[in-house]
Amino acid sequence: MAVLGIESSAHTFGVGISDNGRILANAKEMYKITDKGMIPSRVAEFHASNAKGVIQRALSESGISLSEVEAISYTKGPGLGPCLRIGQLAAMTMSEMLSVPLYPVNHAIGHIQIAAHLSGLKDPIAVYVSGGNSQILGITEQGFRHYSVYGETLDIGVGNMIDNFARAAKLNPAWGSTVAKVAENGHYIRMPYTVKGMDFTFTGLLTNAVKSLSSHKIGDVAYSLQETAFGMIAEASERALLLSGKKGVILCGGVAQSKRLREILAAMSKSHGVGFYAAPNEYNADNGAMIAYVGELMHKGGAKPKRGDYAVEQRYRIDGVDLKWL
Amino acid sequence: MALKKISEGAEADIYELELLGIKAVMKYRRPKPYLVKEIEEYLRDTRTRTEARILSKVSSLISAPKPLLVTRYAIIMQKLEGIQASKNPSLGKPGAEASGKALAALHSSGIIHGDFTTANILVGRSGISVIDFGLSYYSSSAEDMAFDILLFKRSVSKEDFRAFEEAYGNGFAKSCEVLKKLSEIETRGRYQNRSLETA
């Protein structure tokens, strides 16, 4: 049995194929971001012109034929509307053409579920960190089976915060790995550290770091920014781990590519004697494989989407998704 | 001084002891080996000191543990009787009202609790007590106050919250502004359908 999944929530158009939890293909094409950021309609055009090619590449990578595809899944949200709609359209067309079921997937569940699957940890807490998101979650049975958000950012996502800093510091390319490189051998400067229970905020830290650029070495500012932001996430995760009583920690999402964040969370987990797993980078970046994998879980678990469930949703919250198929 | 560990919190361990014949608890902030030394020491040290200062203030306002002895990373405080409200099926109307009154008294003095859930409310024979001021700080911001209420709201039933809200409103002059801020925060979207589990 093989399920083909399509991801198109932001700059990546990705197509993956999952067969009994084995990832047979994970093809993608990424829109090149300039200093102007992303203009959703432009990115959507890019996805539309690449859709067919990426689907074909995934099929040939996997070695299966179209007739072996038993279901199609796609990202319903959260993400940019115009981009999501291209993936949805491609998925709908394929499902019609092949007369196979169609499954709308929550993007965050994609990242978390594939990491949980690969980790082998039973019922871990999930630290999901990306550009727009920074959340600490776990599965709960309260009311219905769903991901409960134990804690999250109260303002901006940690990824966007670091990117903003990188732009203010005129780093090129303006993203996390450049900040990490500059931060090597930095020295600590005191910065605002804001954890409220299991929630945290980043704007105060960002403002302070940008201001400090004029009076301190950029390496010291970058180092202090990273240590503070990641420390806050680790401390909130520690609280969530202890309060939920769960016995494992998984890390996923774009910012999970940070080596330093992995180290800090691994040390936190170790200090409580629980397992830690960080997803491989190919699944932390946006990808189709995770959507295919969750589509397969839904297909096997007897998910029955209703007509209205197929619409894309830019703000599709993870904690509203009923996991009865899991 | 015989120490008996009675609980492990997210950042501190609680021990039971007797100090000069008084039943006391010691809250010891554990090291956080995953943080850089500077942040770790700063957090443990300032949080211990802030908590001690706030405890001595609040224990004169409401029923809360009085600090007896403070060291760099530990506070020895008076032990209060009661069971955590999170362990009851519901706080109940009288408990919720008393909690509203207590929080109103804290906010009137510019003190934010910082982790105002039912796990930090003890229900005893002579009423409720508020414990764990580990995340408390001084602030006059309506938003900070609204977060205390938000945490409480997430951990109780609708009925209990109504009783709480009324008592809070009667006990604190600026309550209207805070409750308005609360509904604003709730419509920011990040806070919808959120359930908080307590251990």
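Residues numbered from 1 in each chain as written. Chains lettered and ligands numbered in written order. Predicted model: local features only at pLDDT ≥ 70, side-chain atom pairs only at ≥ 80, totals over all residues.

A.B. asks: Just checking my understanding: could you explain the overall build of chain A for this structure?
C.D. replies: Across its full length, chain A carries ten helices and twelve strands. The C-alpha atoms of chain A give a radius of gyration of 20 Å, which matches the 20 Å a tight globule of 326 residues would have. With the principal axes as the frame, chain A shows a C-alpha extent of 60 × 45 × 35 Å. Taking all 326 residues of chain A together, 52% fall into the buried category. (Helix = DSSP H or I, 4+ residues; strand = E, 2+ residues; numbered from the N terminus. Rg over C-alpha atoms; globule rule 2.2 N^0.38 Å. Buried ≥ 20, exposed ≤ 12 C-beta atoms within 10 Å, placed from the backbone.)

A.B. asks: What should I look at first to understand the overall build of chain B in this one?
C.D. replies: Counting secondary structure elements, chain B contains five helices and ten strands. What you see for chain B is a C-alpha radius of gyration of 17 Å, in line with the 16 Å of a compact globule of 199 residues. The dimensions of chain B, computed from C-alpha atoms along their principal axes, are 45 × 40 × 30 Å. The proportion of buried residues among the 199 residues of chain B is 41%. Long-range contacts, defined as pairs at least 24 residues apart, comprise 66% of the intrachain contacts of chain B with a sequence gap of at least 6. (Contact = placed C-beta atoms within 7 Å.)

A.B. asks: Please explain the sheet that holds strand 6 (residues 125-129) of chain A as it appears in this structure.
C.D. replies: Across a sheet, paired strands are connected by hydrogen bonds in the backbone, their directions being either parallel or antiparallel. All names here are of chain A. The five strands are arranged 8-7-6-11-12 in an open sheet whose pairing can be described as mixed. Each end of this open sheet is capped by a strand with a single partner; those strands are strand 8 (146-152) and strand 12 (275-278). Geometrically, the sheet is characterised by an average inter-axis angle of 25 degrees between neighbouring strands, direction not taken into account. Across the sheet, helix 3 (residues 107-119) is in contact with strand 6, strand 7 (134-140), strand 11 (248-252) and strand 12; its angle to strand 11 comes to roughly 130 degrees. (Pairing = 2+ DSSP bridges. Axes fitted to C-alpha atoms, helices over the stretch in contact; angles between N-to-C directions.)

A.B. asks: How should the environment of Ile114(A) be read in this particular structure?
C.D. replies: Residues and elements named next belong to chain A. With respect to the element layout, isoleucine 114 can be found in helix 3. Since 29 C-beta atoms lie within 10 Å of it, isoleucine 114 is described here as buried. Note: C-alpha distance between isoleucine 114 and methionine 290 (176 residues apart in sequence) is 5.6 Å. Residues within four places of isoleucine 114 in sequence aside, it is in contact with Ala279, Tyr283, Ala289, Met290 and Tyr293.

A.B. asks: Hey, could you run me through the domain arrangement of chain A in this one?
C.D. replies: One widely used convention gives an interface's size as the accessible area the parts lose upon coming together. As far as domains go, chain A holds domain 1 (2-110 + 283-320) and domain 2 (125-246). Just the C-alpha atoms count here: the centres of domain 1 of chain A and domain 2 of chain A sit 28 Å apart. (Domains from an automatic or database assignment.)

A.B. asks: Looking at this structure, how should I read the interface of chain A and chain B?
C.D. replies: On the chain B side, the residues contacting the 28 residues of chain A number 22 residues. Broken down by secondary-structure element, the contributors of at least two residues to the side of chain A that touches chain B are strand 8, helix 7 (218-244) and helix 8 (259-271) of chain A. Considering every element that reaches the side of chain A that touches chain B, the biggest residue donor is helix 7 of chain A, with ten residues. For the side of chain A that touches chain B, the residue count by class is nine nonpolar, ten polar and nine charged. (Nonpolar A, V, L, I, M, F, W, Y, C, P; charged D, E, K, R; others polar.)

A.B. asks: Looking at this structure, I do not really get the sheet that holds strand 9 (residues 127-130) of chain B. What am I missing?
C.D. replies: Residues and elements named next belong to chain B. Spatially, 6-8-9 is the arrangement adopted by the three strands of the open sheet, whose pairing is antiparallel. Of all the strands in the sheet, just strand 6 (83-84) and strand 9 have a single pairing partner and so form its edges. Sheet topology places strand 6 next to strand 8 (residues 121-124); two bridges connect them, and they run antiparallel. By the bridge assignment for strand 8, isoleucine 83 is matched with valine 123. Contacts from helix 2 (residues 93-108) reach strand 8 and strand 9 within the one sheet, and its direction differs from that of strand 9 by about 40 degrees.

A.B. asks: How should the confidence of the model for chain B be read in this particular structure?
C.D. replies: Detail in the predicted coordinates should be disregarded across regions flagged by low pLDDT. All names here are of chain B. Confidence along chain B averages 90 in pLDDT terms, with 92% of residues attaining 70 or more. Of the regions scoring below 50 in pLDDT, residues 191-199 engages in 30 contacts with residues more than four places distant in sequence or in other chains. Note on the complex model: pTM 0.86, ipTM 0.86. (pLDDT = per-residue confidence, 0-100.)

A.B. asks: Teacher, can you tell me more about helix 2 of chain B here?
C.D. replies: Given 3.6 residues per helical turn, the α-helix brings residues three or four places apart onto the same face. Residues and elements named next belong to chain B. Taking 1.5 Å per residue, 16 residues should reach 22 Å; helix 2 reaches 22 Å between its end C-alpha atoms and fits that length. For helix 2, every residue scored as buried is listed here: Gly95, Ala96, Glu97, Ala98, Ser99, Gly100, Ala102, Leu103, Ala104, Leu106 and His107. Downstream of helix 2 by a residue or two, glycine 110 has a phi angle that is positive, lying close to 75 degrees. (Expected span 1.5 Å × (residues − 1).)

A.B. asks: What is the right way to read the pairing of strand 11 of chain A from this model?
C.D. replies: Regular strands show a simple pattern: their side chains alternate between the two faces of the sheet. Residues and elements named next belong to chain A. Counting buried positions along strand 11 yields five of five residues, so the element is predominantly enclosed. Judged by which residues are buried, strand 11 turns out to be covered on both faces: Gly248, Ile250 and Cys252 on one side and Val249 and Leu251 on the other are all buried. As paired elements, strand 6 and strand 11 share four bridges and run parallel to each other. Residue pairing in the sheet places valine 127 in a bridge with leucine 251 of strand 11. Bridging between strand 11 and strand 12 involves four bridges; their strand directions are parallel. Following the sheet pairing, valine 249 is matched in strand 12 by phenylalanine 276.

A.B. asks: Help me understand helix 7 of chain A in this model?
C.D. replies: Residue and element names in this part refer to chain A. A rise of 1.5 Å per residue sets the reference length of helix 7, with its 27 residues, at 39 Å; its end C-alpha atoms lie 39 Å apart and thus fit the reference within 8%. Summarising burial for helix 7: 23 of the 27 residues are buried, a large majority. A positive phi of about 75 degrees marks glycine 245, the residue just after helix 7.

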